[in-house]
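Here are the chains, one letter per residue:
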Amino acid sequence: MRKPLIAGNWKMNTDSGSAAELAYGIAARADEFTSAELLVCPPSPYLALVRDAIGDAAVGLGAQNMYHEPSGAFTGEVSAAMLADIGAQYVILGHSERRHVFGESDEEVNKKTFAAYAANLRPIVCVGELLAEREAGKTAEVIRRQFEGSLASISEQQIRSTVIAYEPVWAIGTGKVATVEQAEEVHADLRKQLAACYNTSVAQTVRILYGGSVKPDNAAQLLGQANIDGALIGGASLKPDDFLAIAAAGVATVQA
Ligand code: PGA
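Residues numbered from 1 in each chain as written. Predicted model: local features only at pLDDT ≥ 70, side-chain atom pairs only at ≥ 80, totals over all residues. Heavy atoms only, no water.

### Focus on the site of the ligand
Around the ligand, the structure places 13 residues, and the nearest of them are Lys11, His95, Glu167, Gly173 and Ser213. Ser213 places a main-chain nitrogen or oxygen 2.7 Å from an oxygen atom of the ligand. With the chains in place, 97% of the 280 Å² that the ligand exposes on its own is no longer accessible. For the shell around the ligand, a count of residues per class yields four nonpolar, seven polar and two charged. (Near = heavy atom within 4 Å. Polar contact = N/O pair within 3.5 Å; in protein donor to acceptor, adjacent residues only side chain to side chain. Areas by Shrake-Rupley, 256 points an atom, 1.4 Å probe, with all protein chains shown as cover. Nonpolar A, V, L, I, M, F, W, Y, C, P; charged D, E, K, R; others polar.)

Next up, the structure:
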């Protein structure tokens, strides 16, 4: 049984006060959700204060991006080792906003993925098609290409510590959620790809999250799908009650 991962991607939101408040709000109730794994990914400048606000509560800490080089003259960038050093356990890589706003390629995501492993960070590698690609019937092809490119040459041991997130670009921040059938179809394909590239045990172990307008009112249906192992949540992760309501839907799937 894969433990559901409920991950909040705060994006470029909050300030020091509201980031701490959000973290306290989630941490205060975290012990009600231990059958799921909770994770928050605040903006980099607030990672340390969120880590402190979480304290001993069972809430993981993740970053939203990093650079693949270990150190050096890369003004403005942050390395995997720096993130690990301040207590991050996860890093989101290849989010659609990184790919489409900042032009990140699968090759760059792949380099970052290796850098994350080298620093003992667990990558959450995102894939997802554009609306035009879905409408052209190219979803499966796009997801396959992103999977192959972003996860090229990754060993079995490394893939076991990796999380994959399927986020259809047209569903992110738009209020348009993929239907459970659309989401489950891609998740099932990704799991088949894991089995083909590695083996069935890997396919059964690696968690595949869904992201894109996940809210308390659609979480139960999405998380109830056989191949959806958690959620990567943007907008709804900025309110403790909404985030934890989605976590409750994740816990319910374990108890079902
Ligand atoms: P959203 O964002 O929940 O606001 O659609 C999801 C994401 O981009 O990770």
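From this point, things continue past the structure.
### Details of helix H9 (residues 180–197)
Its 18 residues place the ends of H9 25 Å apart at the C-alpha level, agreeing with the 26 Å of an ideal helix rising 1.5 Å per residue. All buried positions along H9 are accounted for by Val180, Ala183, Glu184, Val186, His187, Leu190, Arg191, Gln193 and Leu194. (Helix = DSSP H or I, 4+ residues; strand = E, 2+ residues; numbered from the N terminus. Expected span 1.5 Å × (residues − 1). Buried < 20%, exposed > 50% of the residue type's maximum accessible area, 1.4 Å probe, protein only.)

### A short note on the state of the cysteines
This model, assessed by the stated rule, comprises zero disulfides. We note that Cys126 lacks a disulfide partner, and the nearest cysteine sulfur, in Cys41, lies 9.5 Å from it. The class of Cys126 is buried, set by a relative accessible area of 1%. The thiol of Cys197 is unpaired, and the distance to the nearest cysteine sulfur, on Cys126, comes to 18 Å. (Disulfide = S-S within 2.5 Å.)

Purely geometric stuff here, so don't read any function into it on its own.
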